[in-house]
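Examination of the molecular architecture
So the chains spell out like this:
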Amino acid sequence: MSTFANTLIHWQRRHGRHDLPWQNTRDPYAIWIAEIMLQQTQVATVIPYYQRFIGIFPDIETLARASLDAVLALWSGLGYYTRGRNIHKAACLMVAHYQGRFPSNAAAIEQLPGIGRSTAAAIAAFAYGERCAILDGNVKRVLTRYFGINGYPGEKKTEILLWEKAESLLPQENTHDCMATYTQALMDLGALVCTRHQPQCRVCPLRSDCVAFRENRTAKLPAPKPRKPLPNREATFLLMIDQNSILLEKRPDTGIWGGLWCLPQLPASIDLQLCCIQYWGINAAFIADLPVIDHVFTHFKLRISTCLLQVIDRSNNTLEEQAWVTIDEALNLAIPAPVRKILMEVSSSAKFFEMSCQPLSGY
DNA sequence: AATCCGGGGAC
DNA sequence: GTCCCAGGATT
């Protein structure tokens with residue numbers, strides 16, 4: 001029989017990592033330091049920090065005796081400095097209350113500051129061979145793919161489901177070697193095979209039972225963190241028509257649509273088009289509101305209202321960074337997509353055609 | 001449930 | 001530039 005766990009254990013012995021500095025020890029202190037450093041931090045980054053730290057603080061007592069400043073100095077550059085503070089605090093706590101001994105099971109380990117459920121389980125599995133499940137970023141990725149779980153792993157409901165799966169997959173055989181190898185196998189599979197980008201499914205020992213592989217959805221799982229809803233902004237474009245010509249403005253080189261030609265733009269808050277006409281030295285009459293366009297940027301949404309105006313007098317208009325062009329000419333300039341959309345629609349509308357061929361008279 | 005912590009690597 | 005990483009604590 002070949003269970004999930006047995007498959008992984010066999011794979012680990014042949015293809016897993018065996019020479020990381022914190023492997024090949026059952027010292028809970030050394031494993032603890034490594035697991036804390038590895039929280040949200042990649043292996044290659046951790047290695048030199050870990051070796052330096054263990055060299056200077058080889059055990060709980062030495063760490064507890066050291067000053068917090070000395071501990072944080074060794075942490076400098078690793079980030080998440082609360083981890084360093086918690087390590088020092090926990091070492092002092094173990095000296096004060098546990099006779100300098102590391103707690104002997106996952107539940108007790110989890111009571112230490114800076115240690116949550118997954119880290120406690122990892123330490124207990126590696127140091128004591130305790131039969132308990134980890135659920136770090138690697139395992140979440142492996143399990144969401146293996147079971148085809150669609151929810152975002154940061155979501156509570158999904159996380160509960162993932163913990164249930166992680167528990168249910170634990171090896172039945174409860175030996176130290178079995179648990180340590182299995183736990184390392186999950187991490188190594190996630191790090192070496194079931195990677196976020198371009199997972200190596202061809203060499204994956206689990207692929208025959210992997211939902212994501214079978215359904216070709218590895219690129220879609222795990223679901224990415226939902227993006228915060230984009231803030232909404234509004235703007236008004238003015239489409240000013242003078243016979244066959246419309247007014248474009250060249251935008252500043254920096255910022256949105258930098259250096260592109262654009263319809264004159266007003267903040268949506270400004271009340272009426274006619275009071276703003278003075279800004280361009282143009283007298284114009286309102287014709288119509290054009291359909292609203294919603295445009296999405298990476299960091300906000302822009303709702304664009306466009307106001308169609310008939311130019312009455314543009315003799316006071318100065319042409320700095322501005323151009324009067326035909327719509328066909330405009331469509332051959334560097335214009336943003338929303339402007340192109342507006343101009344395409346207007347140029348094909350009968351109303352515009354009629355208007356531009358027979359300019360309104362009497363003003 | 002959302003947010004914060006933080007530097008670095010992959011892309 | 002974005003997204004993520006051997007997560008946990010706080011609100």
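Counting restarts for each chain: residues are numbered from 1 in the order of the written sequence. By the order in which they are written, chains take letters starting at A while ligands take numbers starting at 1. Restriction of local features to residues with pLDDT of at least 70 applies here, the model being predicted, together with a cutoff of 80 or more for giving and counting side-chain atom pairs; totals for whole chains, interfaces and linings are based on all residues. Calculation of side-chain values draws on the structure's entire complement of heavy atoms; hydrogens and water are dropped beforehand.

Put simply, the test is: UniProt positions are given in the numbering used here, feature names are shortened, and annotations may be inferred rather than shown by experiment.
Chain A appears in an unreviewed UniProt entry as Adenine DNA glycosylase from Nitrosomonas nitrosa. Under the UniProt heading Function (unreviewed entry), the entry covering chain A gives this text: "Adenine glycosylase active on G-A mispairs. MutY also corrects error-prone DNA synthesis past GO lesions which are due to the oxidatively damaged form of guanine: 7,8-dihydro-8-oxoguanine (8-oxo-dGTP)." The record in UniProt for chain A states the following under Catalytic activity (unreviewed entry): "Hydrolyzes free adenine bases from 7,8-dihydro-8-oxoguanine:adenine mismatched double-stranded DNA, leaving an apurinic site."

**Some points on the protein's contact with DNA strand C**
Our working rule: Each residue is tested against the molecule or strand, and it is near if at least one of its non-hydrogen atoms lies within 4 Å. For the purposes of these results, a polar contact is taken to be a pair of N or O atoms within 3.5 Å, where, inside protein, one atom must be able to donate a hydrogen and its partner to accept one; residues adjacent in sequence count only when each atom of the pair is a side-chain atom. Put simply, DSSP H or I for four residues or longer makes a helix, DSSP E for two residues or longer makes a strand, and each gets a number counted from the N terminus. Residue type decides the class: Asp, Glu, Lys and Arg count as charged, Ala, Val, Leu, Ile, Met, Phe, Trp, Tyr, Cys and Pro as nonpolar, and the leftover types, Gly among them, as polar.
Around DNA strand C sit 25 residues, and of these L38, Q40, G116, T119 and N138 come closest. Protein-proximal atoms of DNA strand C, defined as those within 4 Å of the protein, fall in sugar or phosphate at a share of 62%. Contact between DNA strand C and Q40: a phosphate oxygen at 2.7 Å from a main-chain N or O atom of the residue. D136 has a polar side-chain atom sitting 2.9 Å from a sugar or linking oxygen of DNA strand C. Contributions of two or more residues to the surface near DNA strand C are made by α8 (117–128), α9 (137–147) and α11 (176–193). Residues that form the surface near DNA strand C fall into these classes: eight nonpolar, nine polar and eight charged.

**Notes on the protein's contact with DNA strand B**
Every residue close to DNA strand B is listed here: Q40, T41, Q42, G77, L78, G79, Y80, Y81, T82, K156 and H197. The share of sugar and phosphate among atoms of DNA strand B within 4 Å of the protein is 45%. At 3.2 Å from a base nitrogen of DNA strand B is found a side-chain nitrogen or oxygen belonging to T41. One of the backbone N or O atoms of G77 is found 3.3 Å from a sugar or linking oxygen in DNA strand B. Counted by class, the surface near DNA strand B contains three nonpolar, seven polar and one charged residues.

**A look at empty space enclosed by the protein**
Heads up, the rule is: Space inside and on the surface of the protein is sampled on a 1 Å grid over the protein atoms alone, with a cavity defined as a set of points where a 1.4 Å probe fits but cannot get out and a pocket as an open set with protein on both sides within 12 Å along at least 5 of 7 lines; lining residues have an atom within 4 Å of a point. Grid points are joined across faces, edges and corners, and a volume is the space filled by probe spheres set on the points.
Within the structure shown, the criterion is met by one cavity of 30 Å³ or more. Around the largest cavity, the lining is made up of 15 residues, and of these R145, C194, C201, C204 and C210 lie nearest the centre. Elements that contribute at least two residues to the lining of the largest cavity include exactly α9 and α11. With three residues, the single largest contributor to the lining of the largest cavity is α9. Looking at the lining of the largest cavity residue by residue, the class counts come to eleven nonpolar, two polar and two charged.

**Observations concerning the layout of surface pockets**
For the largest pocket, the calculated volume is near 1700 Å³. Listing elements by their share of the lining of the largest pocket, those giving two or more residues are α8, α9, α10 (156–168) and α11. Roughly 390 Å³ of internal volume is contained in the second largest pocket. Forming the boundary of the second largest pocket are 18 residues, of which Q23, N24, F126, A180 and T181 lie nearest the centre. If you list the elements that add at least two residues to the lining of the second largest pocket, you get α1 (4–15), α2 (28–37) and α11. Per-element tally for the lining of the second largest pocket: the top contributor is α11, with five residues. The residue inventory of the lining of the second largest pocket, partitioned by class, reads five nonpolar, eight polar and five charged.

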